[in-house]
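# Descriptive analysis of the structure
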Amino acid sequence: MGPDFFLYAIATALVIYVLTGGADFGGGVWDLFAKGQHRERQRLVIERAIGPIWEVNHIWTIFIVVMLFAVFPDAFAAIGVALHIPLTIAMVGIVLRGSAFTFRSYGLQPDATRRRWGHLFAWTSLVTPVVLGMTLAALASGEIRIEDGKVTSSLLAGWTSPFAIATGVLALVLFSLIAAVYLIFEGGGEFRADFRRKAFATQIVAVVMLVVVYGLAHLDAPEFAARLDASPYIWPLRALIAFLAWAVLAAIKNELDWIARAATMCQVAAVVVGFGLAMGRHLILPDLTIDDAGGHEATRLAIAPALVFGAFLLIPSLYCLFAMFKGSPSSGDDH
Amino acid sequence: MDDLLSARSQMAMSLGFHILFAVAGMAMPLMMATAEILHLRTGRAVYLDLAKRWAKGTAILFAVGAVSGTTLSFELGLLWPEFMRHAGPIVGMPFSLEAFAFFLEAIFLGIYLYGWKKLLPHWHIVVGFLVALCGLTSGVFVVAVNSWMNTPTGFDYVDGEFVNIDVWKAFLSPAFPTQAFHTAISAYSSVAFLVMGIHAWGLMRSPKSEFHRAALTIALGFAMVSTPLQILSGDLAARHCGNEQPIKLAAMEGLYETQRGAPLALGGIPDDEARHLKGAIEIPKVLSLMQGFDPEHEVRGLEDFPRDEWPNTLLVRTAFSIMVMLGMAMMGVVGWSAFLIWRRRELPTGKWYLRALVAMAPAGMIAVEAGWCVTELGRQPWIIHGYMRTSEALTTVPNLVWHFGLFTVLYVFLGITVTILLRNHVFAAPASGAEKKEGR
């Protein structure tokens, strides 16, 4: 059995993570930017929207990590060395963010303390996606070099370039966009209108950032950019993203919230797929493909059915969870 | 601090932190679901109150456990890339299954915590038990990985490479059954003792509180079932260790000389230079009897092994002694409880009994940490016993002491916060509500 199945599994998990976990990060960003007299009310709605699902959404990262070391162990080892610093920062962000969110939700302390946890949650929601985006960009940068399985580039290679930083910002903007579009469904009246406005503005920033990242890729990650431009799917993909970007804006303008949500999800997924198309079968450009990322045939043969079996349990359970809490618009529940 | 020591310290601290939340994540859901069942059966509000309190506690502990567990999965690559490069494909199966079990646990916990009004009571209870079941299985899967590090199987080792991998054989490594049993049961008994101690404290301060009384009753039930099993599983695990990892057993028992009729030593400080356990009380032939059901059974001592493969005997022996001592004390408390219940046919609430429970509150958790030290330090200097040394697994990234410092500060801060939250919002009796409804 070839390794491609697992590359698709990881890519699928990444897309789902961006569409679900990404929205949790985005929720934190909107918590940070909550303004006006309804500020606390807005924060409460965001908290309730995230509450039941954030831990589940988060586990996609564990799934990706496990797949990497089980099936592509050389890539996992190289990433652990080359991206040691940004991943460590992301870890601190993830730990602080999850804890702060829980402490705020369950700690009925004085309001001042509660607010402090809220701020920590919001700020870590802002920083972590940027660092995760920088990490992903580093894999595409071409700056991380590996010889005989050893990382030879510096600990700053790849993730500190303008391209990487812009990609980090793009990740943050896309996460905020998804969150804004989802949040339209969580509150009523004024809240809805507010998040329509926020989603609209964020989408415009997202389009600008997409163009910026694309341009910077040609400067800082030339091989990645060349591969992207050479892909036979690049024109259909560009057309699709452009169409979806327009569809999101049009749907928000016309208050077609369901269409806005679907189009946003497709647009963000298309961006991730575009990244994947340019990477091809590389896990780290240019030195490491899925064929030379280590791993064993026997492991792949055993784990593939385990994944199928796991999916059979996971998909209906996930469906139940989301149907219960995300099926109908806004229903606050006690806990 | 050199990089190896920094990395090992960080891993020890991360796991030592995570394990407390992991055992709570395994045992608390079972207790909350039990309280909810009692509410359904008896209709008493105090049980519902308790179920909700424990659910809140589970939520806090699970969240911190989840994020610290995520961090651990990354830390494996950040600190031990060479280990993961070789071991990843071999232990990929339990890790993959663990990811799914963890997924399901988080899903069911989300449904449980936020679904009080959305589900019928009996379905809500079923979901609670599913949380507990998934918590248990995910714990068992993680222990499978550690068991494999202790007794690696499921591969051939040829010219420094691991080949002919059999992931199922690696999953079911020789140490797995006893280690998984011992670790899983420890979760229930350690959490039960902690909860007992906390509510015994509550009962001392407000002796009429139905809330504390109900909580103590349930926790005591858990302790009385799990603690004897824990002693039994410890005995099985030690015998297994003697067969599969004799050097670890020798370090645990402080036994230097290979001998028939080996004595069981109580206490004592190992002296590697003199090859002697200083100041121990020795009971003749008992170790041989326990290991082989035969007073003349041969038990291998440390001197059978090359000096550079010895673990740190002082730490392993001390941790082992602490674990055994606390286990015995816990068993003593359970025996005392059983005696009092048999005599009086009601929950014992005598002053000295409650004081003892308060004193014993942290015993289980300390024993869990000590047991973890035994199995981890006892495997050193190996990361994969007999195949890869811990020093060979270390990352090439320098200055790991910063990494260690950062996470130490982070975890100390989180630990303090969690303690305060639990004290104020989970274990404190409700100010109003159930107490009044109970008419006391």
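Every residue gets a number counted from 1 within its own chain, in the order that chain's sequence is written. Labels are handed out in written order, letters beginning with A for the chains and numbers beginning with 1 for the ligands. Under the rules for a predicted model, residues below a pLDDT of 70 receive no local features and side-chain atom pairs below 80 are neither given nor counted, while totals for whole chains, interfaces and linings still include all residues.

### Regarding the overall build of chain A
Quick reminder of the rule: The numbering of helices and of strands both runs from the N terminus, where a helix is a DSSP run of H or I of at least 4 residues and a strand a run of E of at least 2. Using C-alpha atoms as the atom set, the radius of gyration is obtained and then compared with a globule rule of 2.2 Å times the number of residues to the power 0.38. Each residue is classified by how many other C-beta atoms fall within 10 Å of its C-beta atom, where C-beta atoms are placed from the backbone; a count of 20 or more means buried, 12 or fewer means exposed, and values in between mean partly exposed. Throughout, a residue-residue contact means that the two C-beta atoms, derived from backbone geometry, are no farther apart than 7 Å.
A count of helical and extended segments in chain A gives twelve helices and four strands. By the compact-globule yardstick of 20 Å for 335 residues, chain A fits well, its C-alpha radius of gyration being 20 Å. For chain A, the C-alpha atoms occupy an extent of roughly 60 × 40 × 35 Å along the three principal directions. Within chain A, the proportion of its 335 residues that are buried is 52%. Taking the intrachain contacts of chain A between residues at least 6 apart in sequence as the baseline, contacts between residues at least 24 apart amount to 78%.

### Some thoughts on the overall build of chain B
The secondary structure content of chain B amounts to 16 helices and ten strands. Its C-alpha atoms give chain B a radius of gyration of 23 Å, within 12% of the compact-globule value 22 Å for 440 residues. The buried share of chain B, taken over its 440 residues, is 57%. Excluding contacts between residues fewer than 6 apart, the proportion of contacts in chain B whose partners are at least 24 apart in sequence is 76%.

### Some details on the interface of chain B and chain A
For clarity, the cut-off: Classification used: nonpolar for Ala, Val, Leu, Ile, Met, Phe, Trp, Tyr, Cys and Pro, charged for Asp, Glu, Lys and Arg, polar for all others including Gly.
Facing 54 residues of chain B, the contacting portion of chain A comprises 58 residues. Where the side of chain B that touches chain A is concerned, the elements lending two or more residues are α2 (45-79), α3 (81-87), α4 (92-114), α6 (167-171) and α15 (400-425) of chain B. Take the side of chain B that touches chain A: its biggest share by element is 16 residues, from α4(B). Residue composition of the side of chain B that touches chain A, by class: 33 nonpolar, 15 polar and six charged.

### A few points about the packing of helix α5 (residues 84-106) of chain A against α15(B)
How two helices sit against one another is set out by the angle between their axes and by the gap between those axes. What counts is decided by this rule: Here, axes are lines fitted to C-alpha atoms. For helices the fit covers the stretch in contact, and angles between N-to-C directions go from 0 to 180 degrees. Oblique is the label for any angle not covered by the other classes, which are roughly parallel (under 35 degrees), roughly antiparallel (over 145) and roughly perpendicular (65 to 115).
Where α5(A) meets α15(B), the axes come as close as 11 Å, and the angle between the chain directions of the two elements is 10°. Between α5(A) and α15(B), the crossing angle belongs to the class labelled roughly parallel. Of α15(B), the residues touching α5(A) (which contributes A:T88, A:V92, A:V95, A:S99, A:F103 and A:Y106) are B:H403, B:L406, B:L410, B:L414, B:T417, B:L421 and B:H425. A per-class count over the contact of α5(A) with α15(B) returns eight nonpolar, five polar and no charged.

### Here we look at the environment of A:G215
All names here are of chain A. Its location among the elements puts G215 in helix α8 (residues 189-220). Residue G215 is classed as partly exposed on the basis of its C-beta count, with 14 C-beta atoms lying within 10 Å. Separated by 52 residues in the primary sequence, G215 and F163 place their C-alpha atoms 8.5 Å from one another.

### Comments concerning the confidence of the model for chain B
Residues and elements named next belong to chain B. Which entries qualify depends on this criterion: pLDDT is a per-residue confidence score from the predictor, ranging from 0 to 100.
The pLDDT averaged across chain B works out to 89; a share of 97% of its residues lies at or above 70. No element of chain B has a lower mean pLDDT than helix α16 (residues 434-437), which averages 41, and none a higher one than helix α13 (residues 363-377), which averages 94. Overall fold confidence (pTM) sits at 0.90, and the ipTM for the predicted complex is 0.87.

### As for the environment of B:H403
Take B:H403: it is sitting in helix α15. For B:H403, a count of 23 C-beta atoms within 10 Å translates into the label buried. Sequence separation of B:H403 and B:A7 is 396 residues, and the distance between their C-alpha atoms is 8.2 Å. Sequence-distant contacts of B:H403, defined by excluding residues within four places in its chain, comprise A:T88, B:S6 and B:Q10.

### Here we look at helix α10 (residues 234-253) of chain A
Residue and element names in this part refer to chain A. What counts here: Residue count minus one, scaled by 1.5 Å, sets the expected span of a helix. The arc refers to the directions leading from the helix axis to the C-beta atoms.
Helix length check: α10, at 20 residues, gives a terminal C-alpha distance of 29 Å against a target of 28 Å (1.5 Å per residue), a fit within 8%. Every buried residue of α10 is listed here: L244, V248, A251 and I252. With its buried residues spanning 90° around the axis, α10 presents them on a single face. Within α10, the exposed residues directed more than 90 degrees away from the buried face are W235, A239 and K253. Turning to α10, the residues buried within the fold contact α8 and α11 (257-279). At the C-terminal side of α10, E255 shows a positive phi close to 60°.

### Remarks on unusual backbone geometry
Where the residue is not glycine, phi is negative for most of them; where a peptide bond is considered, it is trans in most cases. The omega angle of the peptide bond from A:L285 to A:P286 is -5°, so this bond is cis rather than trans. Mapped onto the secondary structure, A:P286 falls in the loop between β3 (282-284) and β4 (288-289). Across the junction of B:Q380 and B:P381, the peptide omega takes the value 5°, indicating a cis bond. With respect to the helices and strands, the residue B:P381 is situated in the loop between α13 and β9 (382-384).

### A closer look at α13(B)
Residue and element names in this part refer to chain B. An ideal rise of 1.5 Å per residue puts 21 Å on 15 residues; α13 measures up with 20 Å between its terminal C-alpha atoms. Most of α13 sits out of view: eleven of its 15 residues are buried. Those residues of α13 lying buried are A363, G364, A367, V368, E369, G371, C373, V374, T375, E376 and L377. Among the structural elements, α1 (3-42), α5 (121-150), α7 (176-205), α9 (246-253), α11 (313-344) and α12 (351-360) are those in contact with the buried residues of α13.

### What about the confidence of the model for chain A?
Low-pLDDT stretches of the model should not have their predicted coordinates read in fine detail. Residues and elements named next belong to chain A. Scored by pLDDT, chain A has a mean of 88; 96% of the residues are at 70 or more. The weakest mean pLDDT in chain A belongs to helix α2 (residues 39-50) at 83; the strongest belongs to helix α7 (residues 162-183) at 94. When the criterion is pLDDT under 50, residues 330-335 qualifies, and its contacts beyond four places in sequence or with other chains add up to 13 contacts.

### Overview of the environment of B:P89
Within the fold, B:P89 resides in the loop between α3 and α4. Considering only alpha carbons, one finds B:P89 and B:F162, 73 residues apart in sequence, at a separation of 9.6 Å. Sequence-distant contacts of B:P89, that is, excluding residues within four places in its chain, are made with A:A70, A:P73, A:G295, A:H296, A:T299 and B:I165.

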